[in-house]
Amino acid sequence: MVASLWAKAALAESEPPVIVAASTNNQAVTNIINAFGKDFARGSGVFAGRWLPDIASFGAYFPARGKEKTAAEKYQTRSFFEQVESDEYFYHAQMAYLQAAANAFPAISSVQEAVNALHQALQKEVLKLRDIENAWAHLSRARNAMKKALGDNYQEALIQIRQEYKATETEKEKIDTLLDEWENYRAKESLLYAFFSWLPPVAKKRLRLARLFLKTIWPTIYAEPQGQSLDAIEAEIKNLAAQLQQQLAAQAQLLARGEELKQALQQRLKEWQTVLQPLKLDKPAAECDLQECDARADTQIRFKIFQLATHYWEGRWLMEMEALLPELEKKKNKKGRKTLEPRWRRRMKLTPCIVSTFFMLPSEMEVSRRDGDTFSADYLYDFADLLIVDEAGQVRPEIAGASFALAQKALVIGDTLQIAPIWSLPPAVDVGNMRQAGLLAGNNDSEQYQVLCELGKSVASGSVMQIAQTRSRYHYDPQLARGMFLYEHRRCFDEIIAYCNALCYKDKLQPKRGKKSAMDALPAMGYLHIAGHCQQTDGGSRRNQEEAEAIAAWLVAQRDMLEAIYELPLQQIVGMVTPFGAQVRAIGKACREKGIAVGQGENSMTVGTIHALQGAERPLIIFSPVYSKDADGAFMDSSPSMLNVAVSRAKDSFFVFGDMEVFKNAPKSTPRGLLAQFLFRKGGNAL
């Protein structure tokens, strides 16, 4: 989405779009910013990477002011823009850009010339896409016209039409020969018979002689003429010839139309083959449809378009900076609309997406507005071209509402079958606030409130994802919620995501990663039975000390093997999930006692409740259920989201370390019971 909008604006030679991505938690936000750094390929050749130095990502991160210093060590933040918007960086960057541009376009000598050359190259690449689309439309019309005229098997039909035309033509020649011989017979007939044909005996004799003659030349496929006079017989022969002539004309017209359609189709196929050459296909063009070509165009054409757009915007940034340099210091601290809007557009030329939380984003678009002799705070309402909301199933409406006022359009991405928001207000307070705001009125306000809740517009129960789904015009699959559905799943091995597919997604997900190799040291779904004891803490949480200690011991025992397999430190391989905060602390203590660092930093292993790993992933996830046979685990069945999130965090393996009786004894229709079926499916799943 971001790449497309960025490239379209470059093609139109307008200003870059202002695109902001936001969510409520730092995990979701950093997932986005990490993707803009690691998931954009450099490519190869003269257009590879960036032409401006020291730009590591296509995204920028605007964290809370207090986290700026820490975030700047890893991400491009406000300080990054302050660094590049300087005389020193500008002159260094201009030289680097011109050198890279000269490698791509040897004749250029200025930034403006490079920008012009890039735009022309961009137009050529876009034209390739348009040519493919147009050629496919022409080919489809040619194929449809052929099918409409001759049916689905039009090639066989055309062969049959040619054969039928040839057969009819042969029969017509036979009838024409017969007619010539008949006329010759009539010409040689005795004048005496003709003169006295009015006499019955003579007429009979004459008719008999004519029939004897016809028997020698009459085609066997036609019934002999029934006429009772020579004139009647001649009329029948001529009528047969006329019918064949009419049939032959119709077949000739159909054959000509078929040949015309075939020639047109061959021409369209030739054009299709020509426009597909940039895609470097590995099979004949006639066997490729638009969907295959579209996927291929992502790597062979659209990626180059993105590269060209990147360098185009870099050049535009240099030109704008050159004009701005004399007044740069004077404008640095200004917050008026005339300064802030161009600043946003300028920065979007370097990083097409700015990422922030919903708590910080409005302050980034706050402007100063003259109000008499003083200045008042105002905001850039409807300024952002696109607001992207990630993990929208977790975002409360009142948290995101302010940011929605700053954007013209929104792309809302999330899953209501994963973790729901943590609501801070009870329904009674929500109802009171709505009454005070005039959103509820009359005696039936409870019914009105229920409607708003169903629309997701409740502070006590709603989410941005729920609101978006009720507003979406798209509803591709009646069995699923409204909106567009991302069917393809690529994170987990097939055996892992199969559980989530059965639990939540009605088997609609399409696993794309494949099955785990039988040669792998660890199963995709595994378990370790621990006969522990579930204890309730004073705060109402729960812990299971035996599980915590077993997890820590297993990690110590398997550490060398895991680090050898993945060539990563243990904390980047394993993540641990549990339903209870008390168990998080118990596992953390047990791991630290074994020398395993646990916490929030990069060098520490993540151990937390479901919220800690929502939006994250690890090669191996260990789930600690805490419950034991003397404490029912029905809490895990209260919502499918808990196990859905826990299982889907695992890329390679998902393990349950706990009392397996808690799962074996659960009804098969529950999330626990379904998980048991997957865990106990293979003997090798037992650790």
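Refer to the structure printed above.
Residues numbered from 1 in each chain as written. Predicted model: local features only at pLDDT ≥ 70, side-chain atom pairs only at ≥ 80, totals over all residues. Heavy atoms only, no water.

**Notes on the side chain of Thr606**
Quick note on the threshold: A run of H or I in DSSP becomes a helix once it reaches four residues, and a run of E becomes a strand once it reaches two; helices and strands are each numbered from the N terminus. We call two residues in contact whenever any of their non-hydrogen atoms come within 4.5 Å of each other.
With respect to the secondary-structure elements, Thr606 resides in strand E14 (residues 606-608). Not counting the four nearest positions on each side in its chain, Thr606 is found in contact with Gly575, Met576, Gly599, Ala612, Leu613 and Arg618.

**Side note on the packing of aromatic side chains**
The test is simple: Centre distance within 6.5 Å is the pairing criterion for rings of Phe, Tyr and Trp, where only the six-membered ring of Trp is used; planes under 30 degrees apart are then read as stacked, over 60 as edge-to-face, and the remainder as tilted. The buried label goes to any residue with under 20% of its type's maximum accessible area, the exposed label to any with over 50%, and the partly exposed label to all in between, with areas taken from a 1.4 Å probe on protein chains only.
The full count for this structure, using the stated rule, is 25 aromatic pairs. For the pair Trp51 and Tyr97, a centre-to-centre distance of 5.4 Å together with 70° between the ring planes defines the contact as edge-to-face. With Trp51 in the loop between helix H2 (26-38) and strand E2 (59-62) and Tyr97 in helix H5 (residues 87-104), the pair connects residues that are 46 residues apart, well separated along the chain. You'll find Trp51 and Tyr97 in the same group, each marked buried. Ring centres of Phe580 and Tyr627 lie 5.5 Å apart, and the angle between their planes is 70°; on these two criteria the pair is classed as edge-to-face.

**So, the sheet that holds strand E6 (residues 386-389)**
Put simply, the rule reads: Pairing between two strands requires that DSSP report at least two bridges joining them. For helices, the axis comes from a line fit to the C-alpha atoms of the stretch in contact; other axes are also lines fit to C-alpha atoms, and the angle between any two N-to-C directions lies between 0 and 180 degrees.
With respect to topology, five strands assemble into an open sheet ordered E2-E3-E1-E6-E7, the strand pairing being parallel. Looking at which strands have only one partner, the edges of the open sheet turn out to be E2 and strand E7 (410-412). Mean inter-strand twist for the sheet, computed between neighbouring axes without regard to direction, equals 20°. Sheet analysis places E6 next to E7, joined by three bridges and oriented parallel.

**Focus on the nonpolar core**
Where we set the bar: Side-chain atoms within 4.5 Å link the members of a nonpolar core, which is a set of buried Ala, Val, Leu, Ile, Met, Phe, Trp, Tyr and Cys residues.
By size, the foremost hydrophobic cluster in this structure holds 105 residues, and its most contacted members are Trp51, Leu52, Tyr97, Trp272, Leu276, Trp344 and Met365. Not counting residues up to four positions away in its chain, the partners in contact with Trp272 are Ile132, Ala135, Trp136, Leu139, Ala285, Cys288, Asp289, Leu290 and Cys293.

**Description of the pattern of salt bridges**
The test is simple: A carboxyl oxygen of Asp or Glu within 4 Å of a side-chain nitrogen of Lys or Arg is what we treat as a salt bridge.
Within this structure, the stated rule accounts for 39 salt bridges. The residue Glu125 makes a salt bridge to Lys128 at a minimum N-O spacing of 3.0 Å. With Glu125 and Lys128 both in helix H6 (residues 111-150) and three residues apart, this pair spans about one turn of that helix. Of the residues examined, Glu125 reaches a relative accessible area of 5% and is grouped as buried. A salt bridge links Arg346 to Glu320; its shortest N-O distance comes to 3.8 Å. Of this pair, Arg346 sits in helix H13 (residues 337-348) while Glu320 sits in helix H11 (residues 290-324), and the two are 26 residues apart along the sequence. Through salt bridges with shared partners, a single ionic network connects Glu15, Glu85, Arg316, Glu320, Arg346, Arg347 and Lys349.

**Some thoughts on the sheet that holds strand E15 (residues 618-623)**
Spatially, E10-E16-E15-E13-E14 is the arrangement adopted by the five strands of the open sheet, whose pairing is parallel. Every interior strand has two partners, whereas the edge strands, strand E10 (525-529) and E14, have only one. Between one strand axis and the next, the sheet turns through 20° on average, direction left out of account. Bridge analysis of strand E13 (residues 574-577) against E15 gives four bridges, and the strand direction is parallel. In the sheet register, Met576 faces E15, and the bridge partner there is Ile622. Sitting on the sheet, helix H19 (residues 494-503) touches E10 and strand E16 (650-658), and the angle it makes with E16 is about 70°. Sheet strands touched by helix H25 (residues 671-679): E10 and E16. Its angle to E10, the strand with the most contacts, is close to 100°.

**So, the side chain of Ser403**
Along the polypeptide, Ser403 turns up in helix H15 (residues 397-404). Contact partners of Ser403, with chain neighbours within four places excluded, come to Phe358, Leu361, Pro362 and Leu387.

**Some thoughts on the packing of H5 against H6**
Cut-off, in case you're wondering: Roughly parallel refers to an angle under 35 degrees, roughly antiparallel to one over 145, roughly perpendicular to one between 65 and 115, and oblique to any angle outside these ranges. For any pair of crossing helices, the crossing counts as left-handed if the nearer helix is rotated counterclockwise from the farther one by less than a right angle, and right-handed if it is rotated clockwise. Each residue is assigned to one class: nonpolar for Ala, Val, Leu, Ile, Met, Phe, Trp, Tyr, Cys and Pro, charged for Asp, Glu, Lys and Arg, and polar for all the others, Gly among them.
Look at H5 against H6: their axes get within 10 Å of each other, and the N-to-C directions meet at 45°. Comparing their axes, H6 and H5 come out oblique. Every pair of crossing elements has a handedness; the one defined by H5 and H6 is left-handed. Of the residues in H6, those touching H5 at Gln94, Tyr97, Leu98 and Ala101 are Val111, Ala114, Val115 and Leu118. Among the residues forming the contact of H5 with H6, the class breakdown is seven nonpolar, one polar and no charged.

**Here we look at the environment of Val395**
Among the secondary structure elements, Val395 is positioned in the loop between E6 and H15. Under the relative-accessibility criterion, Val395 is labelled buried at 0%. The sequence separation of Val395 and Ile55 amounts to 340 residues, and the corresponding C-alpha distance is 31 Å. Setting aside its immediate chain neighbours within four residues, Val395 contacts Ser23, Thr24, Phe358, Val389, Asp390, Ala400, Pro421, Gly462, Ser463 and Val464.

**What to know about a nonpolar patch on the surface**
Selection criterion: Patch criteria: residues need more than 30% relative accessible area and no salt bridge. Like-charged residues are merged within 9 Å; nonpolar side chains of Val, Leu, Ile, Met, Phe, Trp and Tyr are merged within 5 Å. Using a 1.4 Å probe, the Shrake-Rupley method yields the accessible areas, and only the shown protein chains count as cover for residues.
Together, Tyr474, Tyr476 and Met484 give the surface a local cluster of nonpolar side chains, amounting to about 350 Å² of exposed area. Structurally, the position occupied by Tyr474 is in the loop between helix H18 (464-471) and strand E8 (488-489). Judged by its relative accessible area of 36%, Tyr474 is partly exposed.

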